[in-house]
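Inside the fold
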Amino acid sequence: MTDFLIRTFIKDSENINNRVVRRSYGAMAGIVGIICNIILCISKLITGILTGAISITADAINNLTDAASSVITLVGFKMAGKSADQEHPYGHGRIEYITGLLISLVIMLVGVELFRSSIDTAINPSEIDFNIISIIVLIFSILVKLWMSLFNRKLSKKLNSSALHATSIDSLSDCIATSSVIIGVVIGMLTGINLDAYIGIIVACFVIVTGFKSAAESLNPLIGEAPDSEFVAEIEKTVLNDERVLGLHDVLVHSYGATHIVASLHAELPANIDLMTAHNIVDELEDKIHTKFGCEITIHADPIEVDRKITTPIYTDVLKSVKAIDQLISVKHFRVTKGYAKTYILFDLSFHNEIDPISHAKAKETVIKTLKEMHPEIEFIVGEKA
């Protein structure tokens, strides 16, 4: 069904980095959510009024707020698809994260209201007229919500959208909430015991927790979370596949929405090549990464000394100072780069599992101090690698 909707309503559906295509996905998801939730709200509201069950009526109100969330999704994707302007040179893609956060807040508000009404019903219980029709309506609701969860989950993975992911989680939580209501209805029909209010309290707590988790997922990219490690590894692999690059460091990735990623890194190139060659290498790598990953990237060329007459004696001193601390420590990624006024030695220390992590910083401090005494004219920059 999801694939059918995509084929029918989304033109050029595979071009997910295109703002217009992405906006079309958001519009489709929003309209589907509005239609489904309004149908469920009306059917549950009628059932809740006829039976007098607060849990069913509350579930209907939950569907109404879900319809409102779908409207937020619709508007959010439309705004996120706006072109960059003078005030927002990196585009409006982060509005998707704000949309996901708003949906999460709506979920939590619904949970709080449901909790309040359930407490009132527990204090002042009323007689409920349970019947088979209410169970049929609730089972129908679960099936629809399960499909909506899978539908939004598939779209969220395809678009890498936190807003649609939040909607998917919300639909799944509705399935669990409605299942709890069914359990309460069945127990009431079989035993005459009225668990309506208590089921409502359980459902409310579940909805609040779900909304809180969803909000955290939407808030992280707004605050500035660490980039996806696999994405960074792919960028590093692409750069290092070029035989002219000796190494790289200081990879930075910033997300301005799922379709706008800005990155930068330092590529280590032989110091004996001319400036024009280094510039061409960097340009080629930037074009290759932009084509492959669709992200903007700036690469800084770091000249690395490759003359063994210069590097070997210093490397020997580095190795001696490290091994004097512990034979289990290894030296990795050793390189020498010359600036206008100073020579820089960069390398990483790799510690064996047997070495206490607290000792790592002390070991690096000792190594730098020893090397500075031996080579005061050199600046040593020491990192740490697994």
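Some points on the environment of D242
In this fold, D242 is placed in the loop between α8 (229–240) and β1 (247–255). Between the C-alpha atoms of D242 and A204, which are 38 residues apart in sequence, the distance is 56 Å. Residues within four places of D242 in sequence aside, it is in contact with I281 and L285.

Thoughts on the nonpolar core
Judged by nonpolar contacts, the single largest core of 20 residues is most densely connected at I235, V239, L265, I289, I297 and I299. Elements with a contribution of two residues or more to this core: α8, β1, β2 (261–270), α9 (275–293) and β3 (296–304). Leave out the neighbours within four places in its chain, and L265 touches I235, V239, H249, D250, V251, I297, T298, I299 and H300. If you look at the next biggest cluster of nonpolar residues, it comprises 18 residues, including F77, F151, A163 and L164.

What to know about the state of the cysteines
Evaluation of the coordinates by the stated rule reveals zero disulfides. Looking at C175, it has no disulfide partner, and the nearest cysteine sulfur is the one in C36, 12 Å off.

Details of unusual backbone geometry
Its identity as a non-glycine residue notwithstanding, D12 has a phi of 55°, on the positive side. Structurally, the position occupied by D12 is in the loop between α1 (2–9) and α2 (19–51). The exposed category is assigned to D12, whose relative accessible area is 51%.

So, the packing of α1 against helix α5 (residues 132–159)
Each pair of packed helices gets described by two things: the angle between the helix axes and the distance between those axes. The N-to-C vectors of α1 and α5 enclose an angle of 55°; their axes lie 10 Å apart at closest approach. It follows from the interaxial angle that α1 and α5 lie oblique. Listed contacts from α5 to T2, D3, L5 and I6 of α1 are W147, F151, K154 and L155. In terms of residue class, the contact of α1 with α5 is made up of five nonpolar, one polar and two charged.

Quick look at the sheet that holds β3
In space, the three strands of this open sheet follow the order β1-β2-β3, with mixed pairing throughout. Edge positions in the sheet fall to β1 and β3, since each of these pairs with one other strand and no more. Pairs of neighbouring strands in the sheet enclose a mean axial angle of 15°, with direction left out of account. Running at roughly 150° to β3, α9 makes contact with β2 and β3 of the sheet.

Here we look at the layout of surface pockets
Computed from the structure, the second largest pocket encloses a volume of approximately 450 Å³. Together, 20 residues line the second largest pocket, and G247, L248, E268, H333 and R335 are the ones closest to its centre. Elements supplying a minimum of two residues to the lining of the second largest pocket: α8, β1, β4 (330–338) and β6 (378–385). For the lining of the second largest pocket, the per-class residue count stands at seven nonpolar, five polar and eight charged.

Concerning α1
Taken together, the buried positions of α1 are T2, L5 and I6. Looking straight down α1, one finds that the buried residues subtend no more than 100° of arc, so they occupy a single side. If you follow the buried residues of α1, they end up packed against α2 and α5.

Digging into the environment of V306
Along the chain, the position of V306 falls in the loop between β3 and α10 (308–323). Distance from V306 to K342, taken between C-alpha atoms, is 17 Å for residues 36 residues apart in sequence. In this structure V306 touches L246, P270 and N272, once residues within four positions along its chain are discounted.

Section: empty space enclosed by the protein
Across all of its chains, the model carries three cavities of 30 Å³ or more by this definition. Put simply, the largest cavity is a space of about 60 Å³. For the largest cavity, the full set of lining residues is N37, D66, S69, S70, I103, K145, M148, T167, D170 and S171. Grouping the constituent residues of the lining of the largest cavity by class yields two nonpolar, five polar and three charged.

A word on the sheet that holds strand β5 (residues 343–350)
Reading across the sheet, the three strands line up as β4-β5-β6 and stay open at both edges, with mixed pairing between neighbours. Where the open sheet ends on each side, the last strands, each with one partner, are β4 and β6. Across the sheet, the mean angle from the axis of one strand to that of its neighbour is 20°, orientation sign disregarded. Bridge analysis of β4 against β5 gives seven bridges, and the strand direction is antiparallel. Note that in β5 the partner of K338 across the bridge is T343. Set on the sheet, α10 makes contact with β4, β5 and β6; between it and β4 the angle comes to about 145°.

Overview of a nonpolar patch on the surface
Residues I132, I133, I136, M189 and L190 make up a contiguous nonpolar surface patch of about 540 Å² in total accessible area. The set of elements that each furnish at least two residues to the nonpolar patch consists of α5 and α6 (162–191). In terms of residue count, α5 provides more of the nonpolar patch than any other element does, three residues in total. Position of M189 relative to the elements: it lies in helix α6. Given a relative accessible area of 37%, M189 falls into the partly exposed group.

Re the packing of helix α4 (residues 95–123) against helix α7 (residues 196–223)
Their axes nearest at 7 Å, the elements α4 and α7 cross at an angle of 160°. Judged by the angle between their axes, α4 and α7 are roughly antiparallel. Every pair of crossing elements has a handedness; the one defined by α4 and α7 is left-handed. Class assignment of the residues belonging to the contact of α4 with α7 gives a composition of 23 nonpolar, nine polar and one charged.

Reading the values: rules and limits
- Residues numbered from 1 in each chain as written.
- Predicted model: local features only at pLDDT ≥ 70, side-chain atom pairs only at ≥ 80, totals over all residues.
- Heavy atoms only, no water.
- Helix = DSSP H or I, 4+ residues; strand = E, 2+ residues; numbered from the N terminus.
- Contact = heavy atoms within 4.5 Å.
- Core = buried A, V, L, I, M, F, W, Y, C linked by side-chain atoms within 4.5 Å.
- Buried < 20%, exposed > 50% of the residue type's maximum accessible area, 1.4 Å probe, protein only.
- Disulfide = S-S within 2.5 Å.
- Axes fitted to C-alpha atoms, helices over the stretch in contact; angles between N-to-C directions.
- Parallel < 35°, antiparallel > 145°, perpendicular 65-115°, else oblique.
- Nonpolar A, V, L, I, M, F, W, Y, C, P; charged D, E, K, R; others polar.
- Pairing = 2+ DSSP bridges.
- 1 Å grid on protein atoms, 1.4 Å probe; cavity = no way out; pocket = protein on both sides within 12 Å on 5 of 7 lines; lining within 4 Å.
- Points joined across faces, edges and corners; volume = space filled by probe spheres on them.
- Arc of directions from axis to C-beta.
- Patch = residues over 30% accessible without salt bridge, like charges linked within 9 Å, V, L, I, M, F, W, Y side chains within 5 Å.
- Areas by Shrake-Rupley, 256 points an atom, 1.4 Å probe, with all protein chains shown as cover.
- Salt bridge = Lys/Arg side-chain N within 4 Å of Asp/Glu carboxyl O.
- Left-handed = near helix turned anticlockwise from the far one by under 90°.

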